[in-house]
Amino acid sequence: MPHFAKPPAGSWTQHYPELGTAPVDYTDSVDPAFYELEKVAIFRRSWLNVGRVEKLPRTGSYFTRELAVLDTSLIIVKGADGKIRAFHNVCRHRGNKLVWNDFPGEESAGVCRQFTCKYHAWRYDLTGKLTFIQQEGEFFGVDKDQYGLKEVACDVWEGFIFINLEPAESLTEYLGDLAKGIEGYPFHEMTSVYTYRAEVGSNWKLFIDAFAEFYHAPVLHHKQAVKNEAEKLVGYGFEALHYELSSPHSMVSSWGGMAPPKDPSMVKPIERALRSGLFGPWDRPAIEGLDPLPPSINPSRSPSWGTDSFEFFPNFTLLFWAPGWYLTYNYWPTAVDRHLFEANLYFVPARSARERLAQELATVTFKEYALQDGNTLEATQSMLASRVVSEFPLNDQEILLRHLHKVVADRVKEYTDAAAR
Amino acid sequence: MTEAVLPADFSDLEPFAATWCLATEAERYARRMASTMAELEAFYQAGFPRIGEALGYCDKFPLDGLPDDAHHLLQLVHSLIMVAMCVEIWHQPNVIDGADAVLDRVAEPLP
Ligand code: FES
Ligand SMILES: [Fe+2]
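Going along each chain's sequence as written, the residues are numbered from 1 onward. Written order determines the labels here, with chains lettered from A and ligands numbered from 1. Side-chain atom pairs in this predicted model are given and counted only at pLDDT of 80 or more, local residue features only at pLDDT of at least 70, and totals for whole chains, interfaces and linings cover all residues. Hydrogens and water are ignored here; the side-chain numbers use all heavy atoms of the structure.

Novice: With reference to specific residues and values, describe the packing of aromatic side chains.
Specialist: All names here are of chain A. We call Phe, Tyr and Trp rings a pair once their centres come within 6.5 Å, taking the six-membered ring for Trp, and we label the pair stacked below 30 degrees between planes, edge-to-face above 60, and tilted otherwise. What the rule picks out here adds up to 43 aromatic pairs over all chains. Seen from their ring centres, Tyr-196 and Phe-366 are 5.7 Å apart, and the 50° between their planes marks the pair as tilted. With a gap of 170 residues between them, Tyr-196 in strand β12 (residues 192-200) and Phe-366 in helix α8 (residues 353-385) connect regions that are remote in the sequence. Buried, partly exposed and exposed residues are distinguished by accessible area as a fraction of the type maximum, computed with a 1.4 Å probe on protein chains only: under 20%, between the cut-offs, and over 50%, respectively. Overall, Tyr-196 belongs to the buried group, its relative accessible area being 0%. Relative accessible area serves as the criterion here: at 6%, Phe-366 is assigned to the buried category. Chaining the aromatic ring pairs together yields one cluster made of Trp-157, Phe-160, Phe-162, Tyr-185, Phe-187, Phe-310, Phe-312, Phe-316, Phe-320, Tyr-326 and Tyr-346. Only runs of H or I of at least four residues qualify as helices and only runs of E of at least two qualify as strands under DSSP, and these elements are numbered from the N terminus.

Given below as structure tokens:
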């Protein structure tokens, strides 16, 4: 028996008829040639989230990103004018990688007044302009104005820094209405960050798939809950409150654990002791902006709302929890069957040990779940790669996966069609 | 006899301090995975009942101005969270159905 109403079309999927209901072809996750097309058709021309403004607190604050999917390394830096810019991390003299610490392949961060190449000491200011050439007189009329760092389009939305190698539209146009309806959420108050990273032996889309449906939750995660509660959850299965596609982006809105729970015996002893759990600290932070929430969050305005997960195409997830915190996932492909996964959990800074420990419990619990979410990926990748089966039936609660794979296919087709013309 | 690192009221937990007063999640997770269930149980049984008092003690000070003994106590409760996962739900050091998945915490607020 359904617990939550579906659209008049009968299902969320049929509410978006362009999706169809046919099985989905997962060759897109194992074919090396398709991956090469994704790189040019999608990653080179999409706005990609590379971090948050809190990572660049001062003039000259910078960090680098090693982005195999773009075949480049980028420097993201805050200028004296407060503007954040992005540059390819390549020296214009003879191509040395400009910014790195101990190992050129590792990301680095810091504060500087200018960038000085380790090789022959050419210097660039924070706007990328070439300001100094060692033994300039030995050169043959090099015009410094022509040899600045190669700049990449960079813009900021609600404190999230995005870059785009070949932008066809502005960041706000790209993010569209779904993002518009999130604006005003108090991101700037949630500056206490826990960062996790993993190298995963699967196609990037498979981890998005794993996080973009909760159909798995009562099954894969059932041992995380106390026994009676787990049995109840498997019996219910999972139904979302609401799905919304705003192509190429999408979101799912879900009910979720009451914090604090109605019946304390529903949760583990450590959760009772620290008043926290997977859904976050039970005591909400005393900040403005959480009530009412911006219109895209809990769009059905359900009183049993617990969490919303937004998939910003192609590889950025933004997930809000009812108790007043959020997290992000970024999936960075490094090969058709590998990617780097990064998760950041953001809280209002703890003012006491008690608050710090409540956040720690939420964060530790998150990892226990994510380890289960991640466990299937490498095995799935290897079985998909066998190509014994390539088409898979997706259900209505897997609509975001169906949508993701379709948008990817459409963008690649658009690109190859245009190239063939 | 080594010098006490925890507040006097928590001297019963002193035997666990050398093992479990750890600064980062990476260290706590590694210690958990390298421990036996008997070790994890022993720490949990001794430490869990003291969490409420530990919170009370630590919260007498501002979070960014904890004296050393309170700081160690806070680290110990961080470890109790880690260990609680094994004792309360998994009954083994590693996550059930986690296979060989890894997820490294590379940044966190301190203390
Ligand atoms: S390569 Fe950078 S100064 Fe020569
Ligand atoms: Fe999950």
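Novice: Could you give an account of the UniProt feature "domain: Rieske" (unreviewed entry) in chain A, naming the residues involved and the relevant values?
Specialist: UniProt positions are given in the numbering used here, feature names are shortened, and annotations may be inferred rather than shown by experiment. In this numbering, the UniProt entry assigns the feature "domain: Rieske" (unreviewed entry) to residues 47-163 of chain A. Annotated as residues 47-163 of chain A, this span is 0% helix and 38% strand, and its ends, taken at the C-alpha atoms, are 5 Å apart.

Novice: Account for the sheet that holds strand β3 (residues 61-67) of chain A, naming residues and giving values.
Specialist: Residue and element names in this part refer to chain A. At least two DSSP bridges between two strands are required for those strands to pair. Pairing is antiparallel in the open sheet, where seven strands are placed in the order β2-β11-β10-β5-β4-β3-β6. Bordering the open sheet on either side are β2 (48-52) and β6 (109-111), each of which pairs with just one other strand. Averaged over neighbouring strand pairs, the angle between their axes works out to 25° when direction is ignored. For strand β4 (residues 72-78) and strand β5 (residues 84-88), the ladder comprises five bridges, and the chain directions are antiparallel. What sits directly across from Leu-74, in β5, is His-88. In what follows, residue pairs with any heavy atoms lying within 4.5 Å of each other are defined as contacts. Under this scheme, a helix contributes an axis fitted over its contacting stretch, all axes are lines through C-alpha atoms, and angles between N-to-C directions fall in the 0 to 180 degree range. Relative to the sheet, helix α3 (residues 171-180) contacts β10 (151-157) and β11 (160-164), its axis offset from that of β10 by approximately 25°.

Novice: Residues and numbers for the coordination of the iron ion (ligand 2), please.
Specialist: Geometrically, a metal with four donors at the corners of a regular tetrahedron has ideal angles of 109.5 degrees, and one with six donors at the corners of a regular octahedron has ideal angles of 90 or 180 degrees. All names here are of chain A. Only nitrogen, oxygen and sulfur atoms qualify as donors, provided they sit within 2.8 Å of the metal or within 3.2 Å for Na, K and Ca; with water excluded from the atoms, sites may seem incomplete. Coordination of the iron ion (ligand 2) by the protein involves His-216 (NE2), His-221 (NE2), Asp-373 (OD) and Asp-373 (OD), with metal-donor separations of 2.0 to 2.7 Å. Spacing between the donor residues of the iron ion (ligand 2) along their common chain follows H-x4-H-x151-D. In this pair, His-216 is assigned in the loop between α4 (204-212) and α5 (217-220) and Asp-373 in helix α8, connecting sequence segments 157 residues apart. You can call His-216 buried: its relative accessible area is 15%.

Novice: Provide a residue-level description of the interface of chain B and chain A, including the pertinent values.
Specialist: Between chain B and chain A, the residue contacts involve 38 residues of the former and 35 residues of the latter. The contact between chain B and chain A buries some 3,500 Å² in all, and 66% of this surface belongs to carbon and sulfur atoms. Salt bridges are counted wherever a side-chain nitrogen of Lys or Arg sits within 4 Å of a carboxyl oxygen of Asp or Glu. Where chain B touches chain A, the interface holds five salt bridges. Among the salt bridges present, the one from Arg105(B) reaches Glu360(A), with a minimum N-O distance of 3.0 Å. In protein, a polar contact means a hydrogen-donor-capable atom and an acceptor-capable atom, both N or O and within 3.5 Å, with residues adjacent in sequence counting only if both atoms are side-chain atoms; elsewhere, any N or O pair within 3.5 Å suffices. Where chain B meets chain A, there are 15 residue pairs in polar contact (both at pLDDT 80 or more). Take the accessible area each of two parts loses on contact, using a 1.4 Å probe, and add the two losses: that sum is the buried area.

Novice: Before we move on, could you go through the environment of Pro314(A) and cite the residues and values that matter?
Specialist: Residues and elements named next belong to chain A. Checked against the element boundaries, Pro-314 lands in the loop between β15 (305-312) and β16 (316-321). When its relative accessible area of 4% is taken as the criterion, Pro-314 is described as buried. In this structure, the C-alpha to C-alpha distance between Pro-314 and Tyr-174, residues 140 residues apart in sequence, is 11 Å. Residue contacts for Pro-314: discarding those within four places in its chain leaves Ile-42, Phe-43, Ser-46, Trp-47, Leu-48, Tyr-174, Trp-204, Ile-208 and Leu-404.

Novice: Now, about the domain arrangement of chain A: what can you tell me, with residues and values included?
Specialist: Residues and elements named next belong to chain A. What the domain assignment reports for chain A is domain 1 (12-43 + 177-420) and domain 2 (48-160). Each domain's limits were defined by an automated method or a database of domain assignments. Here the C-alpha centre of domain 2 lies 33 Å away from the C-alpha centre of domain 1. Each partner contributes to the interface: domain 1 provides 24 residues, whereas domain 2 provides 15 residues. Across the contact surface, domain 1 and domain 2 share three salt bridges. In this structure, the salt-bridge partner of Arg-65 is Glu-342, at a minimum N-O distance of 3.5 Å. At the boundary of domain 1 and domain 2, one finds six residue pairs in polar contact (both at pLDDT 80 or more). Sorting the residues of the side of domain 1 that touches domain 2 by element identifies α2 (32-41), β16, β17 (325-335) and β18 (338-347) as the ones contributing at least two each. When residues in the side of domain 1 that touches domain 2 are grouped by element, the largest group, six residues, is from β17. Class assignment for the residues of the side of domain 1 that touches domain 2 results in 13 nonpolar, seven polar and four charged. Under the scheme applied here, ten amino acids are nonpolar (Ala, Val, Leu, Ile, Met, Phe, Trp, Tyr, Cys and Pro), four are charged (Asp, Glu, Lys and Arg), and all others, including Gly, are polar.

Novice: Talk me through the pairing of β3(A); I want residue IDs and the actual numbers.
Specialist: Residue and element names in this part refer to chain A. Of all seven residues in β3, seven are buried, a share of seventy percent or more. Burial along β3 is two-sided: Ser-61, Phe-63, Arg-65 and Leu-67 facing one way and Tyr-62, Thr-64 and Glu-66 facing the other are all buried. Note that β3 and β6 share three bridges and pair antiparallel. The residue bridging Tyr-62 from the neighbouring strand is Gly-110, located in β6. By the bridge criterion, six bridges tie β3 to β4 in an arrangement that is antiparallel. Bridging across to β4, Arg-65 finds its partner in Leu-74. A loop of four residues connects β3 with β4, the two strands running antiparallel in sequence, and Asp-71 in this loop sits at a positive phi of about 50°.

Novice: I'd like a description of the sheet that holds strand β7 (residues 115-116) of chain A, backed by residues and values.
Specialist: Strand pairs in the sheet, formed through backbone hydrogen bonds, run parallel or antiparallel to each other. All names here are of chain A. Here we have three strands laid out as an open sheet, ordered β7-β8-β9, and antiparallel in their pairing. Looking at strand neighbours, the two that pair on one side only are β7 and β9 (130-132), the edges of this open sheet. One ladder, built from two bridges, connects strand β8 (residues 123-124) with β9; its direction is antiparallel. Opposite Arg-123, over in β9, you have Phe-132 as the bridge partner.

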